[in-house]
Amino acid sequence: MIGGDDELPDATYAVQTGRTPEDPKGPRRSPLMRARRIAVRHRNGGRIWWAAVLGIVVAVGAVALVVLSSPLFAIGHVHVQGAVYTDSADIAAAVKPVRGKPILTADLNGVRARLERLPWVKYAVVQMSFPHTVTIQIAERVPVAAYLGTDNKWRAIDGDGRVLVILDGQPVDY
């Protein structure tokens, strides 16, 4: 029974603050413990700061990669230089797979390989010009001789003996 006349003290609740009349500031802490607590706080704060910086750098890089490989930077123009004898339809067929693709993810080595498989092309150099242009420089083979085949068609060949073109009539210049 609380608050009754039973001559027993009533229940009270007290909050311990650690302060006593002899020590009004509270219990003393070891200076070593205080220094340790500060060091841990600084170390953890440094890790968080570096993690935040790293996270921001990764996020900016990812956004840049997504933007640069988006259709905003699609290949729109292809300039071809040095093609005299090579058929323009063959060049267009070799370039078609990359036209409209993002310039950073387009397979320019594949274009070069397809061009170098054409009979007249000795080698090709394919370069991207950011943001929408691809420049192709073609070095063609030089015909040095011609011969009449068993099918009565003339063949122009280069210095390596590679057949460049099959003609119905005799070539006029080589």
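Let me sum up the structure you'll find in this document. (Residues numbered from 1 in each chain as written. Predicted model: local features only at pLDDT ≥ 70, side-chain atom pairs only at ≥ 80, totals over all residues. Heavy atoms only, no water.)

### What to know about the overall build of the protein
So, step 1. Tallying secondary structure elements over the protein gives three helices and six strands in all.
So, step 2. Counted from the first residue to the last, the protein has its helices and strands arranged as α-β-α-α-β-β-β-β-β.
So, step 3. The burial tally for the protein puts 24% of its 174 residues in the buried class.
So, step 4. Excluding contacts between residues fewer than 6 apart, the proportion of contacts in the protein whose partners are at least 24 apart in sequence is 41%.
So, step 5. Of the accessible surface of the protein, which amounts to about 13,200 Å², a share of 59% is contributed by carbon and sulfur atoms. (Helix = DSSP H or I, 4+ residues; strand = E, 2+ residues; numbered from the N terminus. Buried < 20%, exposed > 50% of the residue type's maximum accessible area, 1.4 Å probe, protein only. Contact = heavy atoms within 4.5 Å. Areas by Shrake-Rupley, 256 points an atom, 1.4 Å probe, with all protein chains shown as cover.)

### Some remarks on the pairing of strand β2 (residues 121–129)
So, step 1. With eight bridges joining them, β2 and strand β3 (residues 133–140) adopt antiparallel strand pairing. Directly across from Ala-124, in β3, lies its bridge partner Ile-138.
So, step 2. Adjacent in sequence and paired antiparallel, β2 and β3 are bridged by three residues. (Pairing = 2+ DSSP bridges.)

### A short note on the sheet that holds strand β5 (residues 154–158)
So, step 1. The strand order across the open sheet formed by three strands is β4-β5-β6, and the pairing between neighbours is antiparallel. Strand pairing shows two members of the sheet lacking a second neighbour, β4 (143–148) and β6 (163–167), which therefore form its edges. Each strand axis lies, on average, 25° off the axis of its neighbour in the sheet, ignoring direction.
So, step 2. Bridge count for β5 against β6 is four bridges, and the pairing is antiparallel. Residue pairing across strands places Ile-157 opposite Val-163, the latter belonging to β6. (Axes fitted to C-alpha atoms, helices over the stretch in contact; angles between N-to-C directions.)

### Comments concerning the packing of aromatic side chains
So, step 1. Throughout the structure, instances matching the rule amount to two aromatic pairs.
So, step 2. Aromatic side chains Phe-73 and Phe-130 sit 5.1 Å apart centroid to centroid with 20° between the ring planes, which places their arrangement in the stacked category. Here the residue Phe-73 occupies a position in the loop between α1 (31–68) and β1 (77–81), and Phe-130 occupies one in the loop between β2 and β3, the gap between them amounting to 57 residues.
So, step 3. A residue is classified by how much of its surface remains accessible, and Phe-73, at 17% relative accessible area, is buried.
So, step 4. Centroid distance Tyr-85 to Trp-120: 4.6 Å. Interplanar angle 25°. Geometry classified as stacked. (Phe/Tyr/Trp six-rings, centres within 6.5 Å; stacked < 30°, edge-to-face > 60°.)

### Overview of the sheet that holds β3
So, step 1. Strand order in the open sheet formed by three strands is β1-β3-β2, and the pairing between neighbours is mixed. Of all the strands in the sheet, just β1 and β2 have a single pairing partner and so form its edges. On average, each strand axis in the sheet is tilted by 20° relative to the strand beside it, whichever way the strands run.
So, step 2. With respect to the sheet, helix α3 (residues 108–116) is in contact with β2 and β3, its orientation differing from that of β2 by roughly 160°.

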